[in-house]
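Chain by chain, the residues:
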Amino acid sequence: DAKLHLAHCPSSAKVGKTSLIMSLVSEEFPNVVPYRAEEITIPADVTPERVPTHIVDYSEAEQTDEQLFQEISKANVICIVYSVNNKTSIEKVRSLDLLWCGGASRVPLILVGNKSDLVEHSSMETILPIMNQYSEIETCVECSAKNLKNISELFYYAQKAVLHPTGPLYCPEKKDVRPLCVKALTRIFKVSDLDNDGILNDNELNFFQRTCFNTPLEPQALEDVKNVVRKNLNDGVCDNGLTLKGFLFLHTLFIQRGRHETTWTVLRRFGYDDDLELNQDYLFPPLKVPPDCTTELNHNAYLFLQSIFDKHDKDRDCALSPEELRDLFDVFPYMPWGPDVNNTVCTNDQGWITYQGYLSQWTLTTYLDVQRCLEYLGYLGYSIIAEQESQASGITVTRDKKIDLQKKQTQRSVFRCNVFGDIGCGKSGFLQAFLGRNLMFQKTIREEHRSYYAISTTYVYGQEKYLLLHEVFPDFDYLSDADLACDIVCLVYDVSNPYSFDYCAKVFKQYFTDSKTPCMIIAAKSDLPEIKQMYGCSPLEFCRRHRMPPPQSFTCNTAAAPSRDIYTKLTTMAIHTKLHNLTTSTFWLRASVGATVFAVLGFTMYRVLLKQR
């Protein structure tokens, strides 16, 4: 709704503001004019901008300054009326404290010169310097309540000032687009530049046109637009496409010619509010995630993210260099990925995030913090480019884990493994080995760049799954529900430290003895001499008593990349132990053989697909 406030200049009565309102409503000049017209609501269906408009009159004779202040505080736009045939009235406009009326609260102002039927000259020469002095003044219009000249135009301009204000877009003093507007339009250009070549070609321009205005540009209209840019800007058109400079020039031209609605339509389509900030509703669309459900990216979201990767992987090496990564996130207000991401996902020999690592990080964000994922997809323009209602359409909320147990099957593709162990037992090495990093490589990682997560793909019976490893802080007394909520538990101990297994046994007995969450014990640093553990029984006997698989030997002190077999076994166990009533020994035999075979097949398929990319 728009609330329109008509005010006359203080101490300058009889300018005709009430007559203007009554002429608009009755479409004829009133013979009897009261001090003040009652509040009038114009229905949406009879206004050009299709919004209901409330018109509020003010009378100095009937109302106090306090009442005026109250009305102004509620107004969306203020019309200040003066009489064009009265020099005193015009001078009152010049001396009026416009900041008091609207500037302080950024309410747009419109100067209205009434009684134009009584003079042959225009007041614009006197009024224009005032308009240039105050950026809050949207426009000035001369009209006549008596002969109905520009009456409907006045209220159209008032609505336009609310819905398509000039202030946030344009600086009249500098005759240029404001920095915030340039920033927003630059993001829009980069999102629309689907091949990232710095030019909007005809296909991209037509997609942009359909997205914002629901209609493509005719070929001749497209050429006319580019010709206008060519005539005014040397580098506005390149290779028959529109450059960023050309795109910004066009919007500057629209604004200067009074077509603010064109630029506002574009801005609002791409999620911006009246302050040129991205709407919270746009960035965070509603998404309900019930308890015991997880969030994953669906096929459409992965396709979109793949297209974003391809768009920025300019050298086609299936990895994002630091420069390419900065370019990808240039449409964000901040850099979302820090150095820890490079130690959370797979990288190439140069330490650059690979295609697989890129998708893994997006999968991790979606699983751990779906609201942040929605925000990130919003910055990238997912709903616009993928032509979806919102980012929420790219998210799958998995069904309750209890239903998976009942049906003995799951559609989930991301499985969480929480890794427990005492200080120095090798937990971090276990996480980094999942990313293909041996001990020698791990020693090069700076402590401040360390990550407590690692995520990558594994193959279970030929199907690609994501395994998410989370290193839990070893403070035994402060384990939270989040530390315990997972699909499988890893209990890591150091075979060369006689006191290391004791921690694993205590964690299992206190938190997981009666839990349905499967557990696996990892005998880390198995390249070192094994020392008897100072516990009541051996790790192997402990596993037998509690019907767990035997301890799995593991080391990352290898010349090549550490073996990934253990991670495939973990994923297989996470999926199937809770879904099938198998004995531990039978399951472990099947899981070990099946996981190894299909891991080899899956990795071969991955190499083929990667080569195709």
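Just so it is clear, the structure is predicted and the values come from calculations on it, not from any experiment.

J.: Tell me about the overall build of the protein chain, and name the residues and values.
T.: In terms of helices and strands, the protein chain carries 25 helices and 21 strands. Within the protein chain, buried positions represent 51% of all 613 residues. Considering only intrachain contacts with a sequence separation of at least 6, the fraction spanning at least 24 residues in the protein chain is 70%. Surface exposure of the protein chain reaches about 29,600 Å², of which carbon and sulfur atoms provide 52%.

J.: If you had to explain the environment of K87 to someone new, which residues and values would you point to?
T.: Relative to the helices and strands, K87 is located in helix 3 (residues 87–95). It is 9.5 Å that separates the C-alpha atoms of K87 and S123, two residues lying 36 residues apart in sequence.

J.: Before we move on, can you summarise helix 24 (residues 565–576) with the specific residues and values?
T.: Taking 1.5 Å as the rise per residue, helix 24 with 12 residues should run 16 Å; its terminal C-alpha atoms sit 17 Å apart, in good agreement. Of the positions making up helix 24, those classed as buried are I566, Y567, T568, K569, L570, T571, T572, M573, A574, I575 and H576.

J.: Now, about the UniProt feature "domain: EF-hand" (unreviewed entry) in the protein chain: what can you tell me, with residues and values included?
T.: The sites that UniProt annotates as "domain: EF-hand" (unreviewed entry) are residues 300–335. Helix makes up 56% of residues 300–335 and strand 6%, whereas the separation of the span's terminal C-alpha atoms amounts to 24 Å.

J.: Help me get a handle on the packing of aromatic side chains, residues and values and all.
T.: Going through the model one piece at a time under the given rule, you end up with 25 aromatic pairs. Ring centres of F332 and Y376 lie 5.5 Å apart, and the angle between their planes is 55°; on these two criteria the pair is classed as tilted. Of the two residues, F332 is situated in the loop between helix 14 (322–328) and strand 14 (353–354) and Y376 in helix 16 (residues 370–380); the sequence distance between them amounts to 44 residues. Y376 carries the same exposure label as F332, and that label is buried. Measuring from centroid to centroid gives 6.4 Å for F554 and Y567, while their planes differ by 80°, and the two rings are edge-to-face. Of this pair, F554 sits in the loop between strand 21 (552–553) and helix 24 while Y567 sits in helix 24; the two residues are 13 residues apart in sequence, bridging distant segments of the chain. Of the two residues, F554 and Y567, neither departs from the other in class, the shared state being buried. An aromatic cluster is defined as three or more aromatic residues linked by ring pairs; in this entry it consists of F309, F329, F332, Y334, W337, Y355, Y358, W362, Y376 and Y379.

J.: Mind laying out the sheet that holds strand 19 (residues 488–494), listing which residues take part and the relevant values?
T.: In space, the 6 strands of this open sheet follow the order 17-18-16-19-20-21, with mixed pairing throughout. Bordering the open sheet on either side are strand 17 (453–460) and strand 21, each of which pairs with just one other strand. With 8 bridges connecting them, strand 17 and strand 18 (residues 463–471) associate as antiparallel partners. Bridge pairing in strand 18 links S456 to L467. Most of the contacts of helix 15 (residues 355–368) go to strand 17, to which it runs at about 110°, and overall it touches strand 16 (414–420), strand 17 and strand 18. On top of the sheet, helix 22 (residues 500–512) reaches strand 16, strand 19 and strand 20 (519–524); it is set at about 155° to strand 19, its chief contact.

J.: Any details on the sheet that holds strand 10 (residues 237–238)? Residues and values, ideally.
T.: Strand order in this open sheet of 3 strands is 9-11-10, and the pairing throughout is antiparallel. Both edges of this open sheet fall to strand 9 (199–200) and strand 10, since each of them pairs with a single strand only. Pairing of strand 9 with strand 11 (residues 241–243) involves 2 bridges; the strand directions are antiparallel. Its bridge partner being in strand 11, I199 is matched across the sheet by T243. Seen against the sheet, helix 10 (residues 244–256) touches strand 9 and strand 11 and runs at an angle of roughly 80° to strand 11.

J.: Requested: an account of the pattern of salt bridges, with residues and values cited.
T.: Per the counting criterion, the structure on display carries 19 salt bridges. Among the ionic contacts, a cluster of salt bridges with common partners joins D202, E223 and K226.

J.: Pulling in residues and values, what's your account of the confidence of the model for the protein chain?
T.: For the protein chain, mean pLDDT is 87; residues scoring 70 or higher make up 89% of the total. Scored below 50 in pLDDT, residues 6–12 makes 31 contacts in the model with residues more than four places away or belonging to other chains. Considering only residues more than four positions removed or in separate chains, one finds that residues 581–587, a stretch of pLDDT under 50, has 11 contacts.

J.: Now, about helix 2 (residues 65–74): what can you tell me, with residues and values included?
T.: Of the residues making up helix 2, those classed as buried are L68, E71 and I72. Seen from one end, helix 2 has its buried residues packed into an arc of 100°, which puts them on one side. For helix 2, the exposed residues lying more than 90 degrees away from the buried face are E66 and S73.

Parameters and conventions
Residues numbered from 1 in each chain as written. Predicted model: local features only at pLDDT ≥ 70, side-chain atom pairs only at ≥ 80, totals over all residues. Heavy atoms only, no water. Helix = DSSP H or I, 4+ residues; strand = E, 2+ residues; numbered from the N terminus. Buried < 20%, exposed > 50% of the residue type's maximum accessible area, 1.4 Å probe, protein only. Contact = heavy atoms within 4.5 Å. Areas by Shrake-Rupley, 256 points an atom, 1.4 Å probe, with all protein chains shown as cover. Expected span 1.5 Å × (residues − 1). UniProt positions renumbered as here; feature names shortened; annotations may be inferred. Phe/Tyr/Trp six-rings, centres within 6.5 Å; stacked < 30°, edge-to-face > 60°. Pairing = 2+ DSSP bridges. Axes fitted to C-alpha atoms, helices over the stretch in contact; angles between N-to-C directions. Salt bridge = Lys/Arg side-chain N within 4 Å of Asp/Glu carboxyl O. pLDDT = per-residue confidence, 0-100. Arc of directions from axis to C-beta.

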